[in-house]
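Structural overview
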Amino acid sequence: MEYNFRDTEKYWQKYWADNQTFRAENNSEKPKYYVLDMFPYPSGAGLHVGHPLGYIASDIYARYKRLNGFNVLHPMGYDSFGLPAEQYAIQTGQHPAITTDANIKRYREQLDKIGFSFNWDREVRTSDPSYYKWTQWIFIQLFNAWYNPAIGKAEHIDKLIQKFNSENTEHLVNGKSKKWNELNENEQSDVLMNYRIAYLGEAYVNWCPALGTVLANDEVKDGVSERGGYPVERKLMKQWSMRITAYADRLLNDLETIDWSDSIKEAQRNWIGKSEGASLEFCIQNSEDKIEVFTTRPDTVFGISFLTLAPEHELAEKITTQDKKAEVDAYIAKAKNRSERERQAEVNTVSGVFTGSYAIHPFTGAPVPVWIGDYVLAGYGTGAVMAVPAHDERDYRFASFYQLPKPQVITPDVEHDFSKSSWDEKQGTLINSSFLDGLTVKDAIKKCIDEIEKRKLGKGKINYRLRDAVFGRQRYWGEPIPVYYKNGIANAIPENQLPLHLPAVDKFLPTEEGEPPLARSEKWFWNETKQSVDTSGYPIETTTMPGWAGSSWYYLRYMDAHNHNVFASADALKYWKNVDLYIGGSEHATGHLLYVRFWTKALKDLGYLQIDEPAQKLINQGMIQGRSSLVYRIKNTNRFVSYGLKDQYETTPVHVDVNFVVNDELDTEAFKAWRDDFKTAEFQLEGGKFICGNEIEKMSKSKHNVVTPDDIVEKYGADCLRMYEMFLGPLEQSKPWNTNGIAGVSGFIRKLWKLYHSNESFNISEDEPSKAEWKTLHKTIKKVQDDIEKFSFNTSVSSFMICVNELTDLKCNKRAILEPLAIILSPYAPHIAEELWKLCGHNTSVSKAQFPQYNDAYLVEEDFEYPVSVNGKTRFKINLPLQISKEEIEKRVLAAEEMQKWTNGSNPKKVIVVPGRIVNVVI
RNA sequence: GCGCAUGUGGCGUAAUUGGUAGCCGCACCAGACUUAGGAUCUGGCGGGGAAACCCGUGGGGGUUCGAGUCCCUCCAUGCGCACCA
């Protein structure tokens, strides 16, 4: 009886769904375990074999944990707001909700075929109003919160207002200092915006004209948008933002408490970019203004040659002298107009202009020329630097170009030619530096900060590269920001009126005035009397939230997905705590994974959570690349030559659909039928075959190398797909997909089935297994258990193969062996495991069984075949009992016949005996 | 430029964590059964050599009785950051 995977898999998938086999309970005596996958954006292209890789791994782990008595939360959902559905809507007029639903349906079908043990009753969709209601609610909590540095956490904004009221604090409003109770309502609101965690602020943002929206820093790669690859410009805009910078230090420090890969942690540290130094103020000659600079090298303060301001610096135009005005204006205008990409491309070209003004050196009183240069970034530090050309490469380049002096203040311990380059190392001895002379760099930094603080010229300071995250998008398909403007003051929509539904619009495009699509709705005003959206009243915010809003807290919603009163009940939050195992791609290193940590911390500060981190352990699965097949066409003909012959002709490679190729051999008939222009194709074979070339590249439609899980499941079954995906290699490694190898796993499944069958029917024996059979089973249990716990899924697949090979050789059909085998296999190949379990006579799911305990007693050996090395090289083997002493082993090895050839009768210098391992004889 | 990974047969990989390098598969070769084989089974399969043996984990060096594994150095590939003062 051949194994019929099609019917069997269908049967068990239905059984699991009907019986809610994998339902997780919020009230359970069992210990909890939370296994989460990064939920997908449901794109129109559907899943290819790369997508389920992480889901299969997490599913194996979830099933394994269930077998070990855990109450496992293993949910799935959809990150269903996003740009592609909206771009499609713009082109077709189709509402994004419709395309999104269709895509989700397709995803669900594809996922269901693979046999995942997801808790589908907890599914979430970020675009569902019952979900985004709570995304909006969280936004309001963050809007009503500020970060109190005194207690190192966020608290309600009322506490800050109280403080302002009681202390009647001074605030800088429109350049003037005023007392809190002298401020009008608008001014107070403006002041509070400087503190709120979700705030409306003016900042330089990444504006993408092609997408018609702003982008967060992590959505911009190499000066172009990550989605679509459109150019991005810098633009000063008033935008909703998230004060993630307030959490910079905690985001950095808490990395040490979580079990994430070094590369992700390193990427986050990099992105946060903490640097310690000092701020220093410079007075300007003939001006009341002061320039504040940030430096990590206060020790080089006596080496200052000039100051440089970013072109966007607020004083850049102000301090420019009359005679320089034209030149400076032109320079600033040019610098501002350059796109992000141009700016990055020109990193090594120096450009700048002198303002004509001089600052005063805070220690020496000497005049210091003030320049403007675009090598100084407006967004970092204060947008102004003290230039020390002798000890900073960038200043050195600038000084060389404009022939400015480069005073040296450090003598390096090694030879260094200052006429060729700067000495940037934090190493050497200070010279020409007044009170710092003779100190090492390290000591001088400390001493100088002390001195700066003592003289009140500035203070020690820590700066971060991390920017606040822009939170508004000028797009339709996202969560509406629940804010309306009453006389220009931002007010949150009352929480009990949420969700604020996305309004209907006629087109998904900006208005003629350039307002976001939401402004097209005539019914987009807040009526305070009616407490609802209306055609008149106070205007509602028209930008929507970015893609990362919904994904920054979805792991919490799964805990209590249908709660109408809170985002998740306190009980559910208390029981599930945080994610124990989180699996997803490393492309979210600095985006999602920072935001979700940030929101977790903020919600904790505000008293809603007990946890500091969303996920204790994180694994990044590798990318599965495509393996493209290529055929070679002789130039200007319709004649194709086999791979081995291509160098004899002038050919152009053509991508061919990988579905026409088996073991690199092309099905020429299928190829001819593929496209009209290949109908008349001729082939030059080698050895009677037409062989294709191949290339490893990204899996994509245009390369015709996409393999879908559906096709594999159809042909080989879900269990086979699951095992083969794991068999490909270590989970975290990127590797190419090659359907060829699947025959091995497919054969394994057939062989497994045969173990339980003889004479065409199910047949297992109740006899006591032999020693060898017990050994095979227990060695496999041990190995598979170790492997799963190390997330080394590829190696357990190979242990299963070894196990089945050995049991086949032993002709084993004993129940005592085959039943436990079905259990340990069930996380990997759940369908066939269920079927075999049922055939063994059980009427409950194998997922309710217990993972068998391995017994070392079965693994004990009496003898061991010792490899004997001579001078470190293995020369022969000798079988010895394991319980004999080291001395006895040495004696018997030296007496062995094969040994004489190497010792030549003389005594060896040394003999190393590692019992149970190896013997090494040194001659 | 800085940081993080990775480098083992024709290919995907494995190696008890310092102890027999190449497990398990794919591909390939030979054989059996068969009208047939993209089915199944048996055997072979790192390179050189009749063999004895020699060489071999990106290159070079080191530590060690013993190194794919540890240390130093260089090279290559991939990813991330990048004028961050």
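Scroll up for the structure.
Below you will find a few notes about this structure. (Residues numbered from 1 in each chain as written. Chains lettered and ligands numbered in written order. Predicted model: local features only at pLDDT ≥ 70, side-chain atom pairs only at ≥ 80, totals over all residues. Heavy atoms only, no water.)

Moving on, we get to the overall build of chain A. Summing up its helical and strand segments, chain A has 28 helices and 42 strands in all. Overall size of chain A, expressed as C-alpha extent along the three principal axes, is 100 × 85 × 70 Å. For chain A, the residues scored as buried account for 53% of the 923 residues in total. The long-range fraction of contacts in chain A, counting pairs at least 24 apart against all pairs at least 6 apart in sequence, stands at 70%. Total accessible area computed for chain A in this model is approximately 42,500 Å², and 47% of it derives from carbon and sulfur atoms. (Helix = DSSP H or I, 4+ residues; strand = E, 2+ residues; numbered from the N terminus. Buried < 20%, exposed > 50% of the residue type's maximum accessible area, 1.4 Å probe, protein only. Contact = heavy atoms within 4.5 Å. Areas by Shrake-Rupley, 256 points an atom, 1.4 Å probe, with all protein chains shown as cover.)

With that out of the way, let us pick up the protein's contact with RNA strand B. The environment of RNA strand B is made up of 52 residues, and the closest members are T296, R394, L728, N805 and K901. Considering the 4 Å shell around the protein, atoms of RNA strand B inside it are sugar or phosphate in 67% of instances. At 2.2 Å, a backbone N or O of T296 approaches a sugar or linking oxygen of RNA strand B. N805 has a polar side-chain atom sitting 2.5 Å from a phosphate oxygen of RNA strand B. For the surface near RNA strand B, the class distribution of residues is 18 nonpolar, 17 polar and 17 charged. (Near = heavy atom within 4 Å. Polar contact = N/O pair within 3.5 Å; in protein donor to acceptor, adjacent residues only side chain to side chain. Nonpolar A, V, L, I, M, F, W, Y, C, P; charged D, E, K, R; others polar.)

For the structure shown, the criterion picks out 48 salt bridges. A salt bridge links E528 to K486; the shortest N-O distance between them is 3.2 Å. A residue pair is termed long-range when its members are at least 10 positions apart, and E528 in the loop between β24 (525–527) and β25 (532–534) and K486 in strand β22 (residues 483–486) qualify at 42 residues. For E528, a relative accessible area of 28% translates into the label partly exposed. Classification of K486 by relative accessible area gives partly exposed; the value is 29%. (Salt bridge = Lys/Arg side-chain N within 4 Å of Asp/Glu carboxyl O.)

A separate point is the sheet that holds strand β26 (residues 538–539). Read from one edge to the other, the open sheet built from 3 strands follows the order β25-β24-β26, with strand pairing classed as antiparallel. Every interior strand has two partners, whereas the edge strands, β25 and β26, have only one. As paired strands, β24 and β25 are joined by 3 bridges and run antiparallel to one another. Counterpart to F525 in the pairing with β25 is D534. (Pairing = 2+ DSSP bridges.)

Strands sit in the order β2-β1-β27-β28 across an open sheet of 4 strands; the sheet is parallel. Looking at strand neighbours, the two that pair on one side only are β2 (71–73) and β28 (615–620), the edges of this open sheet. With direction set aside, neighbouring strand axes in the sheet form an average angle of 20°. (Axes fitted to C-alpha atoms, helices over the stretch in contact; angles between N-to-C directions.)

A word on the packing of aromatic side chains. Within the structure shown, the criterion is met by 68 aromatic pairs. Judged by centre distance (4.5 Å) and plane angle (20°), the rings of Y131 and W553 are stacked. With Y131 in helix α5 (residues 129–143) and W553 in the loop between α15 (548–551) and α16 (554–557), the pair connects residues that are 422 residues apart, well separated along the chain. Between F791 and F793, the aromatic rings sit 6.3 Å apart at their centres with planes inclined by 70°, giving edge-to-face as the arrangement. Residue F793 is classed as buried on the basis of its relative accessible area, which comes to 2%. Taken together, the aromatic side chains of Y33, Y61, Y64, F70, F791, F793, F800, Y828 and F851 make up a single cluster linked through ring pairs. In this arrangement the basic side chain of R63 is found over the ring face of W16, its NZ or CZ atom lying 4.8 Å from the centre. A cation over an aromatic ring shows up here: R675 above the ring of W674, its NZ or CZ 5.3 Å from the ring centre. (Phe/Tyr/Trp six-rings, centres within 6.5 Å; stacked < 30°, edge-to-face > 60°. Lys NZ or Arg CZ within 6 Å of the ring centre and 35° of its normal.)

We now examine a nonpolar patch on the surface. A surface patch of nonpolar side chains, amounting to about 180 Å² of accessible area, comprises I912, V914 and I918. Structurally, the position occupied by I918 is in strand β42 (residues 918–922). A relative accessible area of 32% means that I918 is categorised as partly exposed. (Patch = residues over 30% accessible without salt bridge, like charges linked within 9 Å, V, L, I, M, F, W, Y side chains within 5 Å.)

The next subject is the side chain of R597. Here R597 lies in helix α18 (residues 592–605). Exposure remark for R597: the relative accessible area of 0% places this residue in the buried category. Of note is the side chain of R597, whose polar atom sits 2.7 Å from the side chain of Q268. Not counting chain neighbours up to four residues away, the residues in contact with R597 comprise R250, L251, D254, L255, I258, W260, Q268, E613 and P614.

So, on to the side chain of T21. Its location among the elements puts T21 in the loop between α1 (5–19) and β1 (32–37). Excluding residues that lie within four positions of it along the chain, T21 makes contacts with Y15, W16, S845, S847 and K848.

Turning our eyes to something else, we now look at the environment of F567. By secondary structure assignment, the location of F567 is in the loop between α16 and α17 (570–576). On a C-alpha basis, the gap between F567 and K133 in space is 8.7 Å, while along the polypeptide they are 434 residues apart. If we ignore the near neighbours within four places in the chain, the residues touching F567 are W134, W137, W553, L556, R557, D560, L573, Y608 and L609.

Let us now look at the environment of D786. Positionally, D786 belongs in helix α23 (residues 771–789). Each C-alpha atom, one on D786 and one on K265, is 26 Å from the other, the two residues being 521 residues apart in sequence.

On to the packing of helix α9 (residues 262–272) against α18, then. Close contact between α9 and α18 brings their axes to 11 Å; oriented N to C, the two are set at 75°. When the axes of α9 and α18 are compared, the pair comes out roughly perpendicular. Residue-level inspection shows I264, Q268, W271 and I272 of α9 in contact with α18, the latter providing L593, L594 and R597. Grouping the constituent residues of the contact of α9 with α18 by class yields 5 nonpolar, 1 polar and 1 charged. (Parallel < 35°, antiparallel > 145°, perpendicular 65-115°, else oblique.)

Right, let's talk about the packing of α23 against helix α25 (residues 815–825) for a bit. One can describe the packing of α23 onto α25 by two numbers: an axis separation of 10 Å at closest approach and a directional angle of 15°. Regarding the angle of α23 to α25, the classification is roughly parallel. Both α23 and α25 take part in a crossing whose hand is left-handed. Here E773, W774, L777, T780, I781 and V784 of α23 come into contact with α25, specifically with A816, I817, P820, L821 and I824. (Left-handed = near helix turned anticlockwise from the far one by under 90°.)

Per the stated rule, a full pass over the model turns up 2 cavities of 30 Å³ or more. In this structure, the largest cavity encloses a volume near 60 Å³. L36, W260, Y554, Y555, V579, Y582, H592, L593, V596, P614 and A615 together form the lining of the largest cavity. Element by element, the count of residues in the lining of the largest cavity is highest for α18, at 3 residues. In terms of residue class, the lining of the largest cavity is made up of 10 nonpolar, 1 polar and no charged. What the second largest cavity holds in volume is close to 30 Å³. What lines the second largest cavity is simply L53, E725, M726, G729, L731, K735, F793 and N794. Of all the secondary-structure elements, those providing two or more residues to the lining of the second largest cavity are α21 (718–727) and α24 (793–809). Here the lining of the second largest cavity is built from residues that sort into 4 nonpolar, 2 polar and 2 charged. (1 Å grid on protein atoms, 1.4 Å probe; cavity = no way out; pocket = protein on both sides within 12 Å on 5 of 7 lines; lining within 4 Å. Points joined across faces, edges and corners; volume = space filled by probe spheres on them.)

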